[in-house]
Amino acid sequence: MSEKKTFYITTPIYYPSASLHIGHAYSTVATDAIARYHRQRGDETFFLTGSDEHGQKIERKAKAAGVTPQEYVDPIVAGFKELWKLLDISYDGFIRTTDEHHVKAVQKMFKKLYDQGDIYKSKYTGHYCTPCESFWLDRQIEDAGGVCPDCGGPVELVEEESYFFRLSKYADRLIQYIKDNPTFIQPNSRTNEMLQNFLLPGLEDLCVSRTSFTWGIPVDFDGRHVVYVWLDALSNYITALGWGSDDDSLYKKFWPADVHIVGKEIVRFHTIIWPIMLMALGEPLPKQVFGHGWLVLDGGKMSKSKGNVVDPVQLCARYGVDAIRYFLLREVPFGSDGTFSNEALIARINTDLANDLGNLLSRTVAMIDKYFAGRLPAPSVTAEEDAALIALASELPAKVDALMNELHIPDALAEIWKLVCACNKYIDVTAPWTLAKSEAGQERLKTVLYNLAESLRIVAILLIPFLTSTPANMFSQLGTAPAQSALAAVAWGGSVPGSQVHKGDSLFPRIDVEAELAYFGAEADKAKTAAESTPTAETTPTAPAKAAHSEEQAPAEIEYDDFAKIDLRLAKVVAAEEIKKSKKLLKLTVEVGAETRTVVSGIKQWYTPDDLVGKTVVLVANLKPVTLCGVESHGMILCASDAADENLSALTTLAPMESGLKVR
Ligand code: MSP
């Protein structure tokens, strides 16, 4: 194992614009497991999380709720802390961008960059999208058909005096740095994405102040301006350690960060703006930025109004914290997108936790209790099958270490489960209940039960970073002192013969799948009814509720001739690809009879290109061509969707039909 060191790890700081959901919990639980892993191996670890509280969006939400921005965010941030407590998140620091020491340090940073000429004053003209907190150039808005290229919503034309940060000055240095440090951006695929999509095409200077709202850190030498959010937000990683304050001892000890864990959509800010800020400040760059994927719901983005139970508080109350942590850490390769579903969660709990691990522990303890009056026997007669089990258990810590160093969290758990499964197999092969029946089998039985208990002790130690109450429960049932939980105690042979085992409750009770899914169905119905009659969780109390579909105004009656003006055709999707610049758009190549055309469709949120290739869809074939994100679109795919656009399905035919046929 590699030698001890300091280890600094961070989550993104979360927007307090609504309560956090299971996707945010995913980011934080993963970071927590890595932090706990480093503490277990003896590294002096600092784990930082926090809240990103400034910006126009919060200012507007607070206004709509009739409170000050600070009054608006305070209870939400308190809720973050409660959630992290519930999920056993072991953070060492929690930074709020409204903390006084952060505000002062950001002002100092801004002034330093201004004094050295890296920040300058100029005029900003652009289009601003409030929900995305993004500025767009004329060209980008034109390409997107007059709406925000990311969310498709309306944008406001803004012209104001702003300060700009000279990103362009450092672009070449950053490109070289990324090339020289191939592990800086992880997973590897994201390095290429950053270089090809953003850095190599050229960087524009970044607007870093605003005068059109006030909820931000004031630029202290120019009171009309507040610092614009990304400079404020990103600097949290060093201001939390005391950078720019009288006491920067933590900064000296822990910076540069070993890894920033962030979601894939904000990798760009962390690997372009942040390193350039640090270069300009003359500070070292973080060693790594890891972009994980998104946890999505079946069929798209998660939302409470959808009626699926994605509130981590409810899930923990129903299944326990460790079951939820296990699911989040195990289900999806770290770095890829993955689906959250109640079925998948229940399957993980029943298979991995209740059957594989829970049963193994209860059977082992029950047999020691029954055959040896609850005292762990000393190993005695050995047999061929022991060696493989002992080898697996002995090699496991190094394998887990290697995987965790690469942040392959689910693989590390899978590796631990190999030992769990090998133990279950070992029980089948050795058949302890048969050994117990004969005098001759007694000595062999001692070894078998010792080997099982010892393997479980090792499993419990290795699970400490991932699950927070289960390892202690296992130690207690096995009669092993919790003091043996350190990684140093992981070597084979640590269980002490004669220890008293304690039969306990099952670690993870098995879930009745049908009853549970029926429960979720009922909850979903309740939530849907609530969503249709009351404001959603995302709307503020004073904001009007989204219109339920039943209340939508039906369009006026039309003549058949009006309908006949629309040329609806069946089209077969022969190729599909993402439009990289856009969060919404897919570029489809469709065959309409003998003709092939390109159609741009805003359905990326609900479909991957692979979902669509080969499918027959309904096309509005005589729609005037438009250019969206630089691609000319010849027609429109018809889809059905609910009022909130959370469920969407492209239309197709009940029976397979030829492309080009008319729909009437
Ligand atoms: N405030 C910025 C980050 C500033 S860091 C200097 C922000 N906040 S956020 O609250 O919108 O998102 C925080 C993190 O949560 C992001 O990394 C984002 O990817 C992650 N997630 C939000 N929804 C998620 C899923 N559904 N799945 C996985 N991660 C998710 O961005």
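Our subject is the structure listed above.
Below you will find a few notes about this structure. (Residues numbered from 1 in each chain as written. Predicted model: local features only at pLDDT ≥ 70, side-chain atom pairs only at ≥ 80, totals over all residues. Heavy atoms only, no water.)

**Digging into the overall build of the protein chain**
We count it as follows: The way it works is that DSSP assigns letters per residue, a run of H or I at least four long becomes a helix, a run of E at least two long becomes a strand, and they are numbered from the N terminus. C-alpha atoms define the radius of gyration in this analysis, and the globule rule sets the expected value at 2.2 Å times the number of residues to the power 0.38. Accessible areas in this description were obtained via Shrake-Rupley with a 1.4 Å probe; residue shielding takes into account the shown protein chains only. Charged residues are defined here as Lys and Arg on the positive side and Asp and Glu on the negative side; His and the ends of the chain fall outside this count. By convention, the charge on Lys lies at NZ, on Arg at CZ, on Asp at CG and on Glu at CD.
For the protein chain, the count of helices and strands is 22 helices and 23 strands. On C-alpha atoms alone, the protein chain measures out to a radius of gyration of 29 Å, which is about the 26 Å that the 2.2 N^0.38 rule sets for 664 residues. Counting every atom, the protein chain has about 29,300 Å² of accessible surface; 53% of that belongs to carbon and sulfur. Here the protein chain contributes 67 positively and 86 negatively charged side chains, and the mean placements of these two sets differ by 2 Å.

**What about helix H16 (residues 409-430)?**
Selection rule: For a helix, the expected span equals 1.5 Å multiplied by the number of residues minus one.
In this model H16 runs 32 Å from its N-terminal to its C-terminal C-alpha over 22 residues, within 8% of the 32 Å that 1.5 Å per residue would give. Of the residues one or two after H16, alanine 431 is the one with positive phi, at around 40 degrees.

**Details of the site of the ligand**
The following threshold applies: Neighbouring residues are identified by heavy atoms, a residue being near a molecule or strand if any of them is within 4 Å of it. Each polar contact in these results corresponds to two N or O atoms within 3.5 Å; when the atoms are within protein, one needs to be able to donate a hydrogen and the other to accept it, and residues that are neighboring in sequence are counted only if both atoms are side-chain atoms.
In the vicinity of the ligand there are 23 residues, among which Ile13, Asp52, Gly263, Glu265 and Leu295 approach most closely. Within the contact set of the ligand, an oxygen atom lies 3.1 Å away from a backbone nitrogen or oxygen of tyrosine 15. The backbone of glycine 23 places a nitrogen or oxygen atom 3.3 Å from a nitrogen atom of the ligand. When the free accessible area of the ligand is taken as 660 Å², the share hidden by the protein chains comes to 91%. When contributions to the shell around the ligand are tallied by element, the ones reaching two or more residues are strand S1 (6-14), helix H1 (22-40), helix H8 (229-234), helix H9 (236-239) and strand S11 (259-263).

**Some thoughts on the nonpolar core**
If you look at soluble globular proteins, the nonpolar side chains tend to sit buried side by side. Heads up, the rule is: The criterion is simple. A nonpolar core is a set of buried Ala, Val, Leu, Ile, Met, Phe, Trp, Tyr and Cys residues joined through side-chain atoms within 4.5 Å. For the exposure calls, accessible area comes from a 1.4 Å probe over protein chains only, and a residue counts as buried if that area is under 20% of its type's maximum, exposed if over 50%, partly exposed in between. Should any heavy atoms of two residues lie within 4.5 Å, those residues are counted as being in contact.
Ranked by size, the top nonpolar core spans 104 residues in total, and within it Tyr319, Leu463 and Phe466 carry the most contacts. With near-sequence residues (within four places) excluded, leucine 463 lies in contact with Leu357, Leu413, Ile416, Trp417, Pro471 and Met474. One finds Tyr163, Met194, Leu199 and Val267 within the second-largest nonpolar core, a separate group that totals 69 residues.

**Some details on the pattern of salt bridges**
Oppositely charged side chains can form a pair if their charged atoms are brought close together. Put simply, the rule reads: A side-chain nitrogen of Lys or Arg and a carboxyl oxygen of Asp or Glu constitute a salt bridge if their distance falls within 4 Å.
On inspection of all chains with the given rule, the structure shows 35 salt bridges. When the shortest N-O distance is used, the salt bridge between aspartate 258 and lysine 5 registers 3.3 Å. Taken together, the residues span a long stretch of sequence, with aspartate 258 in the loop between helix H10 (249-254) and S11 and lysine 5 in the segment before S1 at a distance of 253 residues. Judged by relative accessible area, lysine 5 falls into the partly exposed class, the value being 37%.

**Some words on the sheet that holds S1**
What counts here: Here, strands pair whenever DSSP counts at least two bridges between them. Note on geometry: axes are C-alpha line fits, over the in-contact stretch for helices, and angles between N-to-C directions span 0 to 180 degrees.
Ordered in space as S3-S2-S1-S11-S12-S7, the six strands form an open sheet in which the pairing is parallel. Each edge of the open sheet carries a strand with a single partner, namely strand S3 (93-96) and strand S7 (185-186). As defined by bridge partners, S11 adjoins strand S12 (residues 289-292) across four bridges and the pair is classed as parallel. Bridged to valine 262 within S12 is glycine 291. Sheet strands touched by helix H11 (residues 267-281): S7, S11 and S12. Its angle to S11, the strand with the most contacts, is close to 135 degrees.

**Points about the pairing of S1**
In terms of burial, S1 is largely enclosed, as eight of its nine residues are buried. Note that S1 and strand S2 (residues 44-51) share seven bridges and pair parallel. Residue pairing for S2: tyrosine 8 is matched across the bridge by phenylalanine 46. Note: S1 against S11, two bridges, orientation parallel. Counted as the bridge partner of isoleucine 9 is valine 259 from S11.

**Section: the packing of helix H13 (residues 321-330) against helix H14 (residues 342-372)**
Stated precisely, the cut-off is as follows: Geometric relationships in this document are graded by angle, where less than 35 degrees denotes roughly parallel, more than 145 denotes roughly antiparallel, 65 to 115 denotes roughly perpendicular, and other angles denote oblique. Ten residue types, Ala, Val, Leu, Ile, Met, Phe, Trp, Tyr, Cys and Pro, are classed as nonpolar, four, Asp, Glu, Lys and Arg, as charged, and the remainder, Gly among them, as polar.
One can describe the packing of H13 onto H14 by two numbers: an axis separation of 10 Å at closest approach and a directional angle of 105 degrees. Classified by the angle their axes make, H13 and H14 are roughly perpendicular. Here Ala323, Ile324, Tyr326, Phe327 and Arg330 of H13 lie close against H14, whose contacting residues are Ala344, Leu345, Arg348, Ile349, Asp352 and Leu353. When its residues are assigned to classes, the contact of H13 with H14 shows eight nonpolar, no polar and three charged.

**Concerning the pairing of S11**
What counts is decided by this rule: For a crossover, the right-handed case is the one in which the path from the first strand over the helix to the second runs clockwise, viewed with the strands pointing away from the viewer.
Burial of S11 is extensive: five of the five residues sit out of reach of the surface. Across the two faces of S11 the burial is the same, with Val259, Ile261 and Gly263 and His260 and Val262 all buried. For the crossover that starts at S11, traverses H11 and ends in the parallel S12, the hand is right-handed.

**Details of the packing of helix H12 (residues 312-319) against H13**
Interhelical geometry of H12 versus H13 gives an angle of 120 degrees and a closest axis separation of 7 Å. One finds that H12 runs oblique with respect to H13. Contact with H12, carried on its side by Leu315, Cys316 and Tyr319, involves Val321, Ala323 and Ile324 of H13 and no other residues of that element. Classifying every residue of the contact of H12 with H13 by side-chain character gives six nonpolar, no polar and no charged.

**Here's the deal with the side chain of arginine 96**
Among the structural elements, arginine 96 can be located in strand S3. Residue arginine 96 is classed as buried on the basis of its relative accessible area, which comes to 16%. A polar contact is formed between the side chain of arginine 96 and the side chain of glutamate 53, at a distance of 2.6 Å. There is a polar contact of 2.6 Å between the side chain of arginine 96 and the side chain of aspartate 74.

**So, unusual backbone geometry**
Leaving glycine out, the prevailing phi sign among residues is negative, and the prevailing peptide bond configuration is trans. At the junction of glutamine 186 and proline 187, the peptide bond is cis and its omega measures out at -15 degrees in the coordinates. In this structure, proline 187 sits in the loop between S7 and helix H7 (188-199). Between tryptophan 255 and the following residue, proline 256, the backbone shows a cis peptide bond with an omega angle of 5 degrees. Its location among the elements puts proline 256 in the loop between H10 and S11. In this structure, aspartate 88 is a non-glycine residue whose phi angle is positive, near 60 degrees. On the basis of relative accessible area, aspartate 88 is assigned to the partly exposed category, the value being 31%. The phi dihedral of alanine 431 is positive, around 40 degrees, even though this residue is not glycine. One can find alanine 431 in the loop between H16 and helix H17 (432-435). Take alanine 431: its relative accessible area is 15%, and that puts it in the buried class.

**So, H13**
Within H13, ten of the ten residues are buried, which leaves it mostly tucked inside the rest of the structure. Three or more residues of H13 are buried, namely Val321, Asp322, Ala323, Ile324, Arg325, Tyr326, Phe327, Leu328, Leu329 and Arg330.

**Points about the side chain of threonine 364**
In this fold, threonine 364 is placed in helix H14. Excluding residues within four positions of it along the chain, threonine 364 makes contact with Leu449, Leu452, Ala453 and Leu456.

**Let's talk about the state of the cysteines**
Here is the rule: Throughout, disulfides are identified as pairs of cysteine sulfur atoms within 2.5 Å of each other.
A complete count under the given rule lists zero disulfides for this structure. With no disulfide of its own, cysteine 421 has cysteine 423 as its nearest cysteine by sulfur position, at a separation of 9.1 Å. For cysteine 421, a relative accessible area of 36% puts it in the partly exposed group.

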